[in-house]
Amino acid sequence: MKYIAPKTVLCIHDLSGAGRCSMGAAAPVLAAMGHQPIMLPTALFSTHTGGLGQPAAQMCGGYGPAALQHYRELGLQIDCIYSGYLAGTGDQELVRRAFEFWPEALKIVDPVLGDGGRFYTGMEDKLPGVRELCRGADVILPNLTEACLLLGLPQPQQELDQAGAGALAEELAGLCGQTVVTGLPQGRHLACAGGGKERFVVQRLRIDRSYPGTGDLFASVLVGALLRGNAVSAAADAAAGFVAEAIENTDPAANPALGVWFEPLLGRLAGRGV
């Protein structure tokens with residue numbers, strides 16, 4: 001029997017106990033795709049903050065730096081550093097330190113700042129630090145709102161056509177060489193890699209339902225596919241397809257705040273070539 005070592009992914013995200021988002025999506029997806037997630041929570045929440053009331057919350061404070069130092073002392077090989085929601089500047093410093101400890105790792109930043117044309121509550125002052133993390137990343141995964149915030153551009157007042165989306169991605173290439181912009185109108189995802197060497201649009205039929213956590217699900221499948229050696233375009237296509245399947249698998253009568261029913265579909269990720 002030939003043994004294949006799993007890729008090790010340091011996941012620096014918050015952890016919500018209920019709601020199918022952040023670390024709760026990243027860890028099972030990456031594990032199903034054959035990788036080893038190392039979970040480094042920045043904050044603990046009883047639920048996410050989108051429609052489930054006021055969550056119990058615990059910031060992880062000094063845990064993160066101590067955990068990083070322990071992993072370094074153990075000599076762990078980290079193949080990828082994948083960051084998401086960062087509650088404070090200390091969490092941003094945690095990601096920067098991880099980049100320094102494992103400079104050869106693939107560095108992927110989901111710059112969680114806002115959605116729907118506005119900042120999430122309390123994230124306005126985090127923008128400069130998140131922008132700097134993006135400059136040090138290999139791949140960034142902003143949604144349309146975050147892409148405009150990172151570039152200091154006004155939010156678009158009308159639907160972007162393919163040319164407009166391409167121009168946005170070209171500008172983002174000056175911030176980070178590989179960028180996937182998610183949540184474009186009509187279910188499109190666009191990426192521009194290496195200053196325009198790879199540009200593509202992934203299209204799926206728009207499903208007229210909205211759920212929290214689908215961005216985390218998309219990003220996690222994309223990360224897993226990249227670590228299997230796929231090009232960004234193939235990874236984005238696989239991620240968009242899995243999110244669409246997960247939405248279709250979810251009972252429309254279920255509470256949307258609890259997220260999509262992706263768990264029964266994890267076996268499909270294990271068996272796919274992407």
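So, a few notes on the structure that sits alongside this text. (Residues numbered from 1 in each chain as written. Predicted model: local features only at pLDDT ≥ 70, side-chain atom pairs only at ≥ 80, totals over all residues. Heavy atoms only, no water.)

1. Overview of the pairing of strand β1 (residues 8–18)
Then step 1. Most of β1 is tucked away, with 8 of its 11 residues classed as buried.
Then step 2. As for the winding sense of the linkage, the β-α-β connection from β1 through helix α1 (residues 22–32) to strand β2 (residues 36–47) is right-handed.
Then step 3. For β1 and strand β4 (residues 80–83), the ladder comprises 4 bridges, and the chain directions are parallel. Counterpart to L10 in the pairing with β4 is I81. (Buried < 20%, exposed > 50% of the residue type's maximum accessible area, 1.4 Å probe, protein only. Helix = DSSP H or I, 4+ residues; strand = E, 2+ residues; numbered from the N terminus. Right-handed = clockwise from strand over helix to strand, strands pointing away. Pairing = 2+ DSSP bridges.)

2. Some points on the packing of helix α3 (residues 89–101) against helix α4 (residues 127–135)
Then step 1. Contact geometry for α3 and α4: axes closest at 10 Å, N-to-C directions at 15 degrees. Between α3 and α4, the crossing angle belongs to the class labelled roughly parallel. Of the two possible hands of crossing, α3 and α4 adopt the one that is left-handed. Residues Q92, V95, R96 and F99 of α3 touch α4, and the partners they reach there are G129, V130 and L133.
Then step 2. Across the contact of α3 with α4, the residue classes break down as 4 nonpolar, 2 polar and 1 charged. (Axes fitted to C-alpha atoms, helices over the stretch in contact; angles between N-to-C directions. Parallel < 35°, antiparallel > 145°, perpendicular 65-115°, else oblique. Left-handed = near helix turned anticlockwise from the far one by under 90°. Contact = heavy atoms within 4.5 Å. Nonpolar A, V, L, I, M, F, W, Y, C, P; charged D, E, K, R; others polar.)

3. A closer look at the environment of R135
Then step 1. In this fold, R135 is placed in helix α4.
Then step 2. Distance in space between the C-alpha atoms of R135 and A173 is 9.9 Å, their sequence separation being 38 residues.
Then step 3. Sequence-distant contacts of R135, defined by excluding residues within four places in its chain, comprise G174 and L175.

4. With respect to the nonpolar core
Then step 1. Core analysis: the biggest nonpolar cluster contains 40 residues, and V29, Y82, I108, L217, F218, L222 and F262 have the highest contact counts within it.
Then step 2. Elements with a contribution of two residues or more to this core: β1, α1, β4, β11 (198–202), α7 (214–227), α8 (232–248) and α9 (266–271).
Then step 3. Counting 36 residues, the second largest nonpolar core, distinct from the first, contains V130, A137, L149 and V181. (Core = buried A, V, L, I, M, F, W, Y, C linked by side-chain atoms within 4.5 Å.)

5. Structural notes on the pattern of salt bridges
Then step 1. Summed over all chains, the structure comprises 5 salt bridges.
Then step 2. Among the salt bridges present, the one from E93 reaches R96, with a minimum N-O distance of 3.1 Å. A residue pair is termed a helical-turn pair when its members lie 3 or 4 positions apart in one helix, as E93 and R96 do in helix α3 at 3 residues.
Then step 3. Taking relative accessible area as the criterion, E93 reaches 32% and is therefore assigned partly exposed.
Then step 4. The salt bridge involving R135 is made with E132; its shortest N-O contact spans 3.4 Å. (Salt bridge = Lys/Arg side-chain N within 4 Å of Asp/Glu carboxyl O.)

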